[in-house]
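# Topology and contacts: notes
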Amino acid sequence: MSVKQSVCYPMMKPESIPLDAFVAEVKAMGFAAIELWKPGGDFEEVIELAEAHDLAIATISGHDSLAVGLNDPSQHDRIEAELHASIDLAAEVGVPGLICFSGNRREGVSKEDSIAATVEGLRRVAPYAEQRGVNLNMELLNTKVDHPGYECDHSAWGLEVCRRVNSPNVKLLYDIYHMQIMEGDIIRTITENMQWIGHFHTAGVPGRHDFDDTQELNYRGICRAISASGYKFYVGHEYKPKGDIYDSLRRTFEICDQ
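Residues numbered from 1 in each chain as written. Predicted model: local features only at pLDDT ≥ 70, side-chain atom pairs only at ≥ 80, totals over all residues. Heavy atoms only, no water.

### Some remarks on the overall build of the protein chain
Of the regular secondary structure elements, the protein chain holds ten helices and nine strands. Along the longest, intermediate and shortest principal axes, the C-alpha atoms of the protein chain span 45 × 40 × 35 Å. Looking at the protein chain residue by residue over its 258 residues, the buried ones come to 55%. In the protein chain, the share of contacts with a sequence separation of at least 24, taken over all contacts with a separation of at least 6, comes to 78%. With 24 positive and 40 negative side-chain charges, the protein chain shows a separation of 5 Å between the mean positions of the two kinds. (Helix = DSSP H or I, 4+ residues; strand = E, 2+ residues; numbered from the N terminus. Buried < 20%, exposed > 50% of the residue type's maximum accessible area, 1.4 Å probe, protein only. Contact = heavy atoms within 4.5 Å. Lys, Arg positive; Asp, Glu negative; His and termini not counted. Charge placed at Lys NZ, Arg CZ, Asp CG, Glu CD.)

### A short note on the packing of helix H2 (residues 19-29) against helix H3 (residues 43-52)
A pair of packed helices is characterised by two quantities: the angle between their axes and the separation of those axes. Contact geometry of H2 with H3 gives a least axis separation of 10 Å together with a crossing angle of 35°. In this structure, H2 crosses over H3, and the sense of that crossing is right-handed. In this structure, H2 contributes Leu19, Asp20 and Val23 to the contact, and H3 contributes Glu45, Val46 and Leu49. Partitioned by chemical class, the residues of the contact of H2 with H3 number four nonpolar, no polar and two charged. (Axes fitted to C-alpha atoms, helices over the stretch in contact; angles between N-to-C directions. Left-handed = near helix turned anticlockwise from the far one by under 90°. Nonpolar A, V, L, I, M, F, W, Y, C, P; charged D, E, K, R; others polar.)

### Remarks on the pairing of strand E9 (residues 234-237)
Of the two faces of E9, both are covered, the one formed by Tyr234 and Gly236 as well as the one formed by Val235 and His237. Pairing of strand E1 (residues 4-8) with E9, which is carried by four bridges, proceeds in the parallel orientation. Counted as the bridge partner of Ser6 is Gly236 from E9. Here three bridges tie strand E8 (residues 197-202) to E9, and the two strands are oriented parallel to one another. Bridge pairing in E9 places Thr202 opposite His237. Taken together, E8, helix H9 (residues 219-229) and E9 form a β-α-β motif whose crossover is right-handed. (Pairing = 2+ DSSP bridges. Right-handed = clockwise from strand over helix to strand, strands pointing away.)

### What to know about the nonpolar core
One broad trend across soluble globular proteins is that nonpolar side chains are buried collectively. By size, the foremost hydrophobic cluster in this structure holds 83 residues, and its most contacted members are Leu136, Phe200 and Leu249. If one sorts the elements of this core by residue count, helix H5 (residues 111-132) sits on top with seven residues. Among all residues touching Phe200, those that are not within four sequence positions of it are Leu173, Tyr174, Ile176, Ile190, Met194, Ile226, Tyr231, Tyr234, Val235 and Gly236. (Core = buried A, V, L, I, M, F, W, Y, C linked by side-chain atoms within 4.5 Å.)

### Focus on empty space enclosed by the protein
Summed over all chains, the structure comprises three cavities of 30 Å³ or more. What the largest cavity holds in volume is close to 40 Å³. What lines the largest cavity is simply Ala58, Thr59, Pro96, Gly97, Asn135, Asn137, Gly198, His199, Phe233 and Tyr234. (1 Å grid on protein atoms, 1.4 Å probe; cavity = no way out; pocket = protein on both sides within 12 Å on 5 of 7 lines; lining within 4 Å. Points joined across faces, edges and corners; volume = space filled by probe spheres on them.)

### A short note on unusual backbone geometry
Cis peptide bonds are those with omega within 30 degrees of zero, and the linkage from Asp64 to Ser65 qualifies with -10°. Inspection of the secondary structure puts Ser65 in the loop between strand E4 (59-61) and helix H4 (76-93). Here the amide bond leading from Val205 into Pro206 is cis, since omega sits at 0°, within 30 degrees of zero. Among the structural elements, Pro206 can be located in the loop between E8 and H9. Of note in the backbone geometry, Asp185 takes a positive phi value of approximately 55° without being a glycine. With respect to the secondary-structure elements, Asp185 resides in the loop between helix H7 (176-182) and helix H8 (186-192). Take Asp185: its relative accessible area is 40%, and that puts it in the partly exposed class.

Read these as geometric descriptors, not functional statements.
Here it is in structure tokens:
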């Protein structure tokens, strides 16, 4: 089965294009879903438009914040409450996964202690996520270019957290753009660890733009490997188009339709 592709509309939709027109065009191209970050004032409109065009909402953010996250035990009460509310919202509107964040490294705290704290935080919420059928997907981000200080910046760190939590609903948001910058070895890593991946993000490297000849990733091959693995969730495109948004998305869909 071909990979199910999603469009991250907050990053990709030009302000000049009405949301309803954008969603209709995305559906006409063959995309299966749209996605967003933190639900805002337009969330009800997004849900209504997605339903009207038979599109899923692939993912939303589950808690605040990227920099202050699950690796800090002092934040666990807050994050648990936020995730419980987000799990209920996701279950209500059919969102399969929530984006979670490790937080930035904390001065004087060892790698092992940060992993243990993150595991503890996720274990507090995992049973409820399992009960409601929603995944908690901790995002992998690069620290070389975009997010200095973020802790979950290598797949090994995130995978260790997932293995220790050992819940079918605690996974990774494997961002191909970010992990290419940090470690490469994309196809082998994802095919060997697909059970721990609940969502993908894409973008060209370098630059976070289109999948053209100025960037180094073979997205046709990557998506073929994802498809062959039996992965059942979404591949979300989260890049900044260089030119016409619709031309870019048509090309992206064709490349990743594997």
